[in-house]
Amino acid sequence: MRVFYLILKLLAFVLLLGFALKNTDAVVLHYFLGLEWRAPLVFVLLIFFGGGIGCGVLASLVIMMR
């Protein structure tokens, strides 16, 4: 069973690595007052994914601390 999980993790890693390598094009995020930020698409997705996880953890901590 451990070998199965190891193969599954390796497969997920290879798929996500391929996704990251194919999405290196620069994207522009526009802010207020004419500010903008240019970064690779995969980096922007990673930041927003991490922010979503952080918000979820904070929301669950509020419930757990009550």
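Residues numbered from 1 in each chain as written. Predicted model: local features only at pLDDT ≥ 70, side-chain atom pairs only at ≥ 80, totals over all residues. Heavy atoms only, no water.

Sorry, what's going on with the overall build of the protein chain here?
In terms of helices and strands, the protein chain carries two helices and two strands. In terms of C-alpha radius of gyration, the protein chain reaches 17 Å, well past the compact-globule figure of 11 Å for 66 residues. Among the 66 residues that make up the protein chain, the fraction classed as buried is 5%. (Helix = DSSP H or I, 4+ residues; strand = E, 2+ residues; numbered from the N terminus. Rg over C-alpha atoms; globule rule 2.2 N^0.38 Å. Buried < 20%, exposed > 50% of the residue type's maximum accessible area, 1.4 Å probe, protein only.)

I tried to follow the pattern of salt bridges on my own but got confused; where do I start?
Working definition: two side chains of opposite charge can pair if their charged atoms are close together. The tally for this structure, following the rule as stated, stands at one salt bridge. When the shortest N-O distance is used, the salt bridge between Arg38 and Glu36 registers 3.3 Å. The exposure class assigned to Arg38 is exposed, which follows from its relative accessible area of 58%. Among the residues examined, Glu36 registers a relative accessible area of 40% and is labelled partly exposed. (Salt bridge = Lys/Arg side-chain N within 4 Å of Asp/Glu carboxyl O.)

I tried to follow helix H1 (residues 2-22) on my own but got confused; where do I start?
Three or four residues apart is the spacing at which side chains of an α-helix point the same way, because the helix has 3.6 residues per turn. With 21 residues, H1 extends 30 Å between its outermost C-alpha atoms, agreeing within 8% with the 30 Å of an ideal straight helix rising 1.5 Å per residue. Little of H1 sits out of view: just zero of its 21 residues are buried. (Expected span 1.5 Å × (residues − 1).)

Explain the side chain of Asn23 to me, please; I cannot follow it from the model alone.
As for its position among the elements, Asn23 is in the loop between H1 and strand S1 (26-30). A residue is classified by how much of its surface remains accessible, and Asn23, at 19% relative accessible area, is buried. In terms of polar contacts, Asn23 uses its side chain to reach the backbone carbonyl oxygen of Phe19, at 2.9 Å. Non-local contacts of Asn23, meaning those with residues more than four positions away in its chain, are made with Leu41 and Val42. (Polar contact = N/O pair within 3.5 Å; in protein donor to acceptor, adjacent residues only side chain to side chain. Contact = heavy atoms within 4.5 Å.)

I'm lost on the pairing of S1 in this one. Help?
Successive residues of a regular strand alternate their side chains across the two faces of the sheet. Strand direction decides the pairing type here: S1 and strand S2 (residues 36-40), joined by five bridges, are antiparallel. Looking at the pairing, Val28 lines up with Arg38 of S2. Remark: five residues form the turn of the hairpin made by S1 and S2, two consecutive strands paired antiparallel; Leu33 in that turn has positive phi of roughly 60°. (Pairing = 2+ DSSP bridges.)

Just checking my understanding: could you explain the packing of aromatic side chains for this structure?
Aromatic rings in a pair are described by how distant their centres are and how their planes are angled relative to each other. Taken as a whole and judged by the stated rule, the model has two aromatic pairs. Between Trp37 and Phe43, the ring centres sit 6.0 Å apart and the planes meet at 65°, which makes this aromatic pair edge-to-face. With a relative accessible area of 28%, Trp37 lands in the partly exposed category. (Phe/Tyr/Trp six-rings, centres within 6.5 Å; stacked < 30°, edge-to-face > 60°.)

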